[in-house]
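Fold and geometry: a report
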Amino acid sequence: MKTNTPQDDDQSYVIELKNVGQSYPDREDVIKDVSFTVDCDKGDNKFVVILGPSGCGKSTLLRYISGLQVPTKGGVFLHGKPITNETIVGMVFQKYSSLPWYTVLENVALGLELQGVPSKERNQRAMEMIKTVDLMGQENKHAHYPILSGGQLQRVAIARSLLASPKILLMDEPFGALDVKTRLHMQEMLKAIMSKMSDMTVVFVTHDIPEAVFLGDEILIMDSNPGRIVEKITVNLPENRTKEIKREAKFVKMVYDIEDKMESLSK
Ligand SMILES: Nc1ncnc2c1ncn2[C@@H]1O[C@H](COP(=O)(O)OP(=O)(O)O)[C@@H](O)[C@H]1O
Ligand SMILES: [Mg+2]
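Residues numbered from 1 in each chain as written. Chains lettered and ligands numbered in written order. Predicted model: local features only at pLDDT ≥ 70, side-chain atom pairs only at ≥ 80, totals over all residues.

**Side note on the overall build of the protein chain**
To keep it simple, the criterion reads: For helices the rule is a DSSP run of H or I covering at least 4 residues; for strands it is a run of E covering at least 2, with both sets numbered from the N terminus onward. Only C-alpha atoms enter the radius of gyration, while the globule expectation follows 2.2 Å times N to the 0.38, with N the number of residues. Residue burial here comes from a neighbour count, namely the number of other C-beta atoms, placed from the backbone, that lie within 10 Å of the residue's own C-beta, with 20 or more meaning buried, 12 or fewer meaning exposed, and in between meaning partly exposed. Contact definition: two residues whose C-beta atoms, as placed from backbone geometry, lie within 7 Å.
Looking only at helices and strands, the protein chain features eight helices and 10 strands. For a compact globule of 267 residues, the expected C-alpha radius of gyration is about 18 Å, and the protein chain comes in at 19 Å, within 12% of that figure. Expressed along its principal axes, the backbone C-alpha trace of the protein chain runs to roughly 50 × 45 × 40 Å. Expressed as a percentage of the 267 residues in the protein chain, the buried residues total 36%. Considering only contacts within the protein chain whose residues lie at least 6 apart along the sequence, 72% involve residues at least 24 apart.

**Comments concerning the domain arrangement of the protein chain**
The cut-off we apply is this: An automatic or database domain assignment supplies the residue ranges for each domain.
Each domain of the protein chain was delimited in the assignment, giving domain 1 (15-88 + 166-263) and domain 2 (101-165). For domain 1 and domain 2, the distance between their C-alpha centres works out to 25 Å. The partner domain 2 presents nine residues to the 12 residues of domain 1 that form the contact. At five residues, the largest contribution of residues to the side of domain 1 that touches domain 2 is made by helix H6 (residues 180-195).

**Re the sheet that holds strand E8 (residues 200-206)**
We apply this condition: At least two DSSP bridges between two strands are required for those strands to pair. To get an axis, a line is fitted to the C-alpha atoms, and for a helix only the part in contact is used. The angle between two axes follows their N-to-C directions and goes from 0 to 180 degrees.
The six strands lie next to each other as E6-E7-E8-E3-E9-E10, forming an open sheet whose pairing is mixed. In this open sheet, the two edge strands, each paired with only one partner strand, are strand E6 (89-93) and strand E10 (228-234). Between one strand axis and the next, the sheet turns by 20° as a mean value, whatever way the strands run. Examined bridge by bridge, strand E9 (residues 218-223) and E10 share six bridges and lie antiparallel to one another. Looking across to E10, one finds that Leu 220 is bridged to Lys 232.

**Focus on the pairing of strand E2 (residues 27-38)**
The pairing of strand E1 (residues 15-24) with E2 spans six bridges and is antiparallel. By the bridge assignment for E2, Gln 22 is matched with Ile 31. Hairpin remark: E1 followed by E2, antiparallel, with two residues in the connecting loop.

**Regarding the site of ligand 1**
The cut-off we apply is this: Placing a C-beta atom from the backbone of each residue, we mark the residue near a molecule or strand if the atom is within 6 Å of it.
If you check the shell around ligand 1, you find 13 residues, and the closest are Tyr 24, Gly 55, Lys 58, Ser 59 and Thr 60. Where the shell around ligand 1 is concerned, the elements lending two or more residues are E2 and helix H1 (58-66).

**Quick word on the packing of helix H4 (residues 119-132) against helix H5 (residues 150-163)**
Rules: The cut-offs work like this: below 35 degrees is roughly parallel, past 145 is roughly antiparallel, 65 to 115 is roughly perpendicular, and the gaps in between are oblique. Working rule for handedness: look at the near helix, and if it is turned counterclockwise from the far one by less than a right angle, call the crossing left-handed; if clockwise, right-handed. The residue classification treats Ala, Val, Leu, Ile, Met, Phe, Trp, Tyr, Cys and Pro as nonpolar and Asp, Glu, Lys and Arg as charged. All others, Gly included, are polar.
Put simply, H4 and H5 touch, their axes get as near as 9 Å, and they point 130° apart. Between H4 and H5, the crossing angle belongs to the class labelled oblique. The chirality of how H4 crosses H5 is right-handed. On H5, the residues that touch Arg 125, Ala 126, Met 129, Ile 130 and Thr 132 of H4 are Ala 159, Leu 162 and Leu 163. When grouped by side-chain class, the residues that make up the contact of H4 with H5 number six nonpolar, one polar and one charged.

**Points about the sheet that holds E2**
Paired through their backbone hydrogen bonds, the strands of a sheet run either parallel or antiparallel. Spatial ordering of the open sheet is given by E2-E1-E4-E5, a layout of four strands whose pairing is antiparallel. Edge positions in the sheet fall to E2 and strand E5 (81-82), since each has one partner strand and no second. Across the sheet, H1 lies against E1, E2 and strand E4 (73-78), angled at about 120° from E1, the strand it touches most.

**With respect to the environment of Ile 130**
Mapping Ile 130 onto the fold places it in helix H4. By C-beta crowding, Ile 130 is classed as buried, having 24 other C-beta atoms within 10 Å. Each C-alpha atom, one on Ile 130 and one on Cys 56, is 35 Å from the other, the two residues being 74 residues apart in sequence.

**Some words on unusual backbone geometry**
Look at the link from Tyr 145 to Pro 146: it is a cis peptide, with omega at 5°. Here the amide bond leading from Asn 225 into Pro 226 is cis, since omega sits at -5°, within 30 degrees of zero. The phi torsion at Asn 19 lies on the positive side, around 45°, for a residue other than glycine. Relative to the helices and strands, Asn 19 resides in strand E1. Using a count of 12 C-beta atoms within 10 Å as the deciding quantity, one classes Asn 19 as exposed. Unusually for a residue other than glycine, Glu 173 sits at a positive phi of about 45°. Structurally, Glu 173 can be placed in the loop between strand E7 (168-172) and H6.

Set out below in structure tokens:
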């Protein structure tokens, strides 16, 4: 079972945001004084979900962790250090991000190609990942809609991100554009993939409460005006979750409790 200790020998957290704030020339305090840490025990994984209303700053927090944006106040540290170009952070967005003129295989292998890995090795490793995300038989199709479905395109993006072996994977509403059935299937698939990984921290943004409870080890609830974290919840459910757990009283209660909490937030 997980304990609440930092991962590395140097006792640093995988992710640490310290008193982070964001202002824009025309808008003060879009995000105000956000501090949190994420740790992940060696050999384990950690799945943190950020839940909050539209516009509260969820994507902004992910951009900080990816290094795409620097906050106007405070600091962001990964494994105890400020973010550099060498930091490998994977990202999966809601919008399909594959290159449509590349095949599934080429898209999945893209990161390795950019790293200069020879084609035989990168194709072999990409095919293993294609198998992991259940896309066998699709590898030579072009990665665009409607040749591939939305769910399949998101699997391509997940496979591509995972192949770079990031220690941190950021997912910004990755299943937000999918139909309900596909979405539920993708949640299960992601949980199953995670159970085969180790030392990986995922930060996942959603505004779907059951999705947050199903996937998360921890849930950070945000509110807006100013964007801030109002509650941190530990999800005390078994680590190996299949869809049956959504029928269990403990799961249902947790969903209702979070719903009540979010309803009580500022409108
Ligand atoms: N360049 C900008 N100038 C002013 N406000 C901005 C700018 N970029 C983003 N914002 C505002 O920051 C807030 C947080 O945005 P975002 O992180 O995308 O929210 P979320 O992902 O939670 O929907 C939003 O209210 C957005 O309008
Ligand atoms: Mg967003």
